[in-house]
Amino acid sequence: MSLLVVGSVAFDALESPYGKVDRALGGAATYFAVAASFFTPVNLVGIVGEDFTEEDAEIFRGRRIDTAGLERAAGKTFFWAGRYLENLNERVTLATELNVFAEFKPRLPENYRSAKYIFLANIAPDLQRDVLQQVNGKPKLAALDTMNYWIERTNAELRETLKHVDILMINDSETRQLSNEHNLLRAAKHIFKMGPSTLVVKRGEYGAMLVDKRGVFCVPAFPLEEPHDPTGAGDSFAGGFMGHLAACGNKSDASLRRAMVYGSVLGSFAVERFGLDRLRHLKRGEIYARARHFAKLTQFKL
Ligand code: AMP
């Protein structure tokens, strides 16, 4: 089952205690699409500028990623700069330049419109809703990610978009910011009133937590001795999570739990190198081997 994604395709400037890059290919939809394509075909909606070269587009080639919905426009590609603190869990945004995204009016190619699995990756909530509205019929599963930038600047638009999605997938500080609740379980109750029936909280090195009406499920982050760059970990998590659900075609409790593990597996690979460097060379066999490792990591007898 193919998976539709809209979100940023970007150039990032990244700084972490492990190094610095001035211009790396990134963007929420890029990380998501690459991660999800290991599980299922992906239809990508986004926009890039004239500075986005054929070499940049190589990241999508040879994978199950349809880029018919990736528009090229006059102007510059979305640019983001961020710096990670010593603990890698906290980051400071140094620059966000929307560039071609500021005027983007997405138009879904005809073959994208029957999408049943949709991921609204991090981008302006109005754009996310616009894409959702162009899909024919009700999707089986629509999930959304966002970040402080949009929670602060476009809160009303975000709340409107949230009414139409099933799963909200954000990090812990965004959960607290959106709900005005410090406790994540209480935050989930607030968020359920906004529309989504499931909340997935990404907690960096502490793993991830899924809350729905059936209860709570947690996965750890894969313990890594030398994480390098957390950029895109959340989007890669989302790619593994949604990719698995679209591939298995259902949202049973067991599938959601497995999706959490595949999310954590893809997130763990993303942080091993700067930018997309690790995902670029990742093999399917490595994904399944790490998933088995996860099972061992969390198994115990009572
Ligand atoms: P993550 O580390 O998973 O939260 O995602 C990082 C990616 O999000 C980077 O590659 C950025 O290009 C992209 N990004 C940063 N800020 C924004 C924003 N305000 N809207 C959309 N994408 C963004």
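Details of the structure are given in the entry above.
About the criteria used
- Residues numbered from 1 in each chain as written.
- Predicted model: local features only at pLDDT ≥ 70, side-chain atom pairs only at ≥ 80, totals over all residues.
- Heavy atoms only, no water.
- Axes fitted to C-alpha atoms, helices over the stretch in contact; angles between N-to-C directions.
- Helix = DSSP H or I, 4+ residues; strand = E, 2+ residues; numbered from the N terminus.
- Parallel < 35°, antiparallel > 145°, perpendicular 65-115°, else oblique.
- Left-handed = near helix turned anticlockwise from the far one by under 90°.
- Contact = heavy atoms within 4.5 Å.
- Nonpolar A, V, L, I, M, F, W, Y, C, P; charged D, E, K, R; others polar.
- Pairing = 2+ DSSP bridges.
- Near = heavy atom within 4 Å.
- Polar contact = N/O pair within 3.5 Å; in protein donor to acceptor, adjacent residues only side chain to side chain.
- Salt bridge = Lys/Arg side-chain N within 4 Å of Asp/Glu carboxyl O.
- Buried < 20%, exposed > 50% of the residue type's maximum accessible area, 1.4 Å probe, protein only.

Participant: Quick question: what am I supposed to make of the packing of helix α1 (residues 28-36) against helix α8 (residues 233-248) here?
Facilitator: A packed helix pair is summarised by two numbers, namely the angle formed by the two axes and the spacing between the axes. Two numbers describe how α1 lies on α8: the axes approach to 7 Å, and their chain directions differ by 40°. As summarised for this structure, α1 and α8 are arranged oblique, according to the angle between their axes. Handedness of the α1/α8 crossing: right-handed. In this structure, α1 uses Ala28, Tyr31, Phe32, Ala35 and Ala36 to contact α8, whose residues at the interface are Asp235, Ser236, Ala238, Gly239, Gly240, Met242 and Gly243. Residue composition of the contact of α1 with α8, by class: 7 nonpolar, 4 polar and 1 charged.

Participant: What should I look at first to understand the sheet that holds strand β2 (residues 10-16) in this one?
Facilitator: The pairing of strands in a sheet happens through backbone hydrogen bonds and is either parallel or antiparallel. Pairing within the open sheet is mixed, and its 4 strands lie in the order β3-β2-β6-β7. Across the chains shown, the open sheet's two edge strands, defined by having one partner strand only, are β3 (19-26) and β7 (91-97). Pairs of neighbouring strands in the sheet enclose a mean axial angle of 15°, with direction left out of account. Direction of pairing for β2 relative to strand β6 (residues 78-84): parallel, over a ladder of 6 bridges. When the bridges of β6 are listed, alanine 10 appears paired with phenylalanine 78.

Participant: Sorry if this is basic, but what is going on with the site of the ligand here?
Facilitator: The environment of the ligand is formed by 20 residues, the closest being Ser8, Asp12, Gly27, Gly232 and Asp235. The side chain of aspartate 12 places a nitrogen or oxygen atom 2.4 Å from an oxygen atom of the ligand. In this structure, an oxygen atom belonging to the ligand sits 2.9 Å away from a side-chain N or O atom of arginine 91. Residue assignment for the shell around the ligand shows that the elements contributing at least two residues are β2, α1, β6, α4 (148-153) and α8. For the shell around the ligand, the element with the most residues is α8, which contributes 3 residues. Looking at the shell around the ligand residue by residue, the class counts come to 10 nonpolar, 7 polar and 3 charged.

Participant: Explain the pattern of salt bridges to me, please; I cannot follow it from the model alone.
Facilitator: Where charged atoms of side chains with opposite charge meet at close range, the side chains can pair. Evaluation of the coordinates by the stated rule reveals 14 salt bridges. Between glutamate 181 and arginine 186 there is a salt bridge whose closest N-O contact spans 3.3 Å. When the shortest N-O distance is used, the salt bridge between arginine 257 and aspartate 253 registers 3.1 Å. With arginine 257 and aspartate 253 both in helix α9 (residues 253-270), this residue pair falls 4 residues apart, about one helical turn. Its relative accessible area of 31% is what places aspartate 253 among the partly exposed residues. Bridged by salt links that share partners, the residues Asp212, Arg214, Asp253 and Arg257 form one connected network.

Remember that the coordinates give geometry; whether it matters functionally is a separate question.
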